[in-house]
Amino acid sequence: MSSALTDLFPHPIVQAPMAGGISVPQLAAAVSDAGGLGFLAAGYKTADGLYQEIKQLRGLTNRPFGVNLFMPQPEYADPSAVEVYAHQLAGEAAWYEIELGDPDSGRDDGYDVKLAVLLDNPVPVVSFHFGVPTREVLESFRRAGTLTLVTATTAEEALAVQRAGADAVIAQGVEAGGHQGTHRDIPENDCAGIGLLSLVAQIRETVDLPIVAAGGIMRGGQIAAALAAGASAAQLGTAFLATPESGANALHKRALTSPLFAHTELTRAFSGRPARGLVNRFMREHGPYAPAAYPEVHHLTSPLRKAAAKAGDAQGMALWAGQGHRMARDLPAGQLVEALAAELAAAETALSTRGEAR
């Protein structure tokens, strides 16, 4: 079953779709041209914006690529908690001389319209984050010739992915940068994340689907470990965030290896959903009080994050990063794929040699 997916790209290397303007067509094209699988992120874009990026990417490469969609979120946020958080952020808004965003700006991220764009203009791969699509949606993509992947953070979620009829599952370990793709946002589970290798092994014993391993991977040796644990490919985000083709803010790129940002934590401060980023002032001051309210908090803080970036203030930005951020390399994306592939080959040769020596 894994061959249908991995036959699309020579190296088992997937560039993670990073929303917010990071996964631009230039990055996806460079990764795909080098033998990996490049991805666009549909999250926070308009349907027309997504269509235009797909069109641009097709003009840059004839290699396969993917598009990631955010699932619509159920309405379980406490409006009063969001209102209280808005009051707590009033000082931030005054400092940057802006107004906070409207928390009621929409819950579905234009999901249905984006589905229509992708079904009218089929792409090789579509992945889903924050939940499982219906069987009907997955069947529609299958008829269109599109392979589907869905993120899971537990073996139970992976079983739901298989039951829905997806072609593969993305096993997202707690080490991963950005938002955890949990199917249900349960605050009591905020500290219950599973490490990647344990998660891959658990999912491997639970479902028959091909597994794409995601979370903290920065070197080819780590890819080899994920493949040995049962994955068919590895998905890397932070590693590609630092590349010249990435659309990430220059402050964000520099922060990955800056001694000012020594470690990462999961926080709800910026979006209301658990997401891993470099610990900065905003996260320290507001993370402990941020409510479980996505996407309300995302909409609320959007003007703050933009204002911080415009002011060159990394302490007020959402600096999403995985646990391996200090290992980021300032290489062009194509060269990074080649380096990872060479490291993977060396690690596999070393493992084989050790096995023969025994």
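Everything that follows concerns the structure shown earlier in this document.
Sequence order sets the numbering: in each chain, residues are counted from 1 along the sequence as written. Reporting in this predicted model follows two pLDDT cut-offs: at least 70 for local features of residues, and 80 or more for side-chain atom pairs to be given and counted; totals over whole chains, interfaces and linings ignore these cut-offs and use all residues. By convention in this description, side-chain values take in all heavy atoms of the structure and omit both hydrogens and water.

## A short note on unusual backbone geometry
Residue Y294 is joined to P295 through a cis peptide bond whose omega torsion reads 10 degrees. The secondary structure listing takes helices from DSSP runs of H or I that are at least 4 residues long and strands from runs of E that are at least 2 residues long, numbered from the N terminus. Assignment of secondary structure puts P295 in the loop between helix 13 (281–286) and helix 14 (296–310). Its identity as a non-glycine residue notwithstanding, F130 has a phi of 75 degrees, on the positive side. Looking at the secondary structure, you find F130 in the loop between strand 4 (125–129) and helix 7 (135–144). Look at F130 and you get buried, because its relative accessible area is 2%. Exposed residues in this analysis have more than 50% of their type's maximum accessible area, buried residues have under 20%, and partly exposed residues fall in between, with area computed by a 1.4 Å probe over protein chains only.

## Topic: the packing of aromatic side chains
Aromatic rings from Phe, Tyr and Trp, with only the six-membered ring used for Trp, were paired whenever their centres fell within 6.5 Å, and each pair was classed as stacked if the ring planes differed by under 30 degrees, edge-to-face if by over 60, and tilted otherwise. Following the criterion strictly, the structure yields six aromatic pairs and no others. Ring centres 5.3 Å apart and planes at 75 degrees place the aromatic pair Y44 and F70 in the edge-to-face group. One end of the pair, Y44, is in the loop between strand 2 (38–41) and helix 3 (47–60); the other, F70, is in strand 3 (residues 65–70), with 26 residues separating them in the sequence. Taken together, Y44, F70, F130 and Y294 form an aromatic cluster joined through their ring pairs.

## Observations regarding the pattern of salt bridges
Salt bridges, as used here, are contacts in which a Lys or Arg side-chain nitrogen is within 4 Å of a carboxyl oxygen on Asp or Glu. On inspection of all chains with the given rule, the structure shows ten salt bridges. K45 is the salt-bridge partner of E53, the closest N and O atoms lying 3.5 Å from each other. E53 sits in the buried class, given a relative accessible area of 16%. Here K45 falls in the buried class, since its relative accessible area comes to 17%.

## Some details on the nonpolar core
Of all hydrophobic cores here, the largest spans 95 residues; its most connected members are V67, L118, F128, L236 and F240. Considering every element that reaches this core, the biggest residue donor is helix 15 (residues 333–357), with six residues. Those residues within four positions of F240 in sequence are excluded, and the remaining contacts are I13, V14, Q15, M18, L27, V31, S246, A333, L336, V337 and L340. Grouping buried Ala, Val, Leu, Ile, Met, Phe, Trp, Tyr and Cys residues that are joined through side-chain atoms within 4.5 Å yields what is termed a nonpolar core. Counting residues in each nonpolar core, the second largest holds 13 residues, with L5, L37, F39 and V125 among its members. Residue contacts are counted whenever heavy atoms from the two residues lie within 4.5 Å of one another.

## Thoughts on the sheet that holds strand 10 (residues 264–267)
As summarised here, the arrangement of the three strands in space is 7-11-10, forming an open sheet in which the pairing is antiparallel. In this open sheet, the two edge strands, each paired with only one partner strand, are strand 7 (178–179) and strand 10. In this sheet, strand 11 (residues 275–278) lies alongside strand 7 in antiparallel orientation, the contact comprising two bridges. By the bridge assignment, H179 is partnered in strand 11 with A275. The pairing criterion is simple: DSSP has to find at least two bridges between the two strands.

All quantities given are derived from atomic positions and should not be read as evidence of function.
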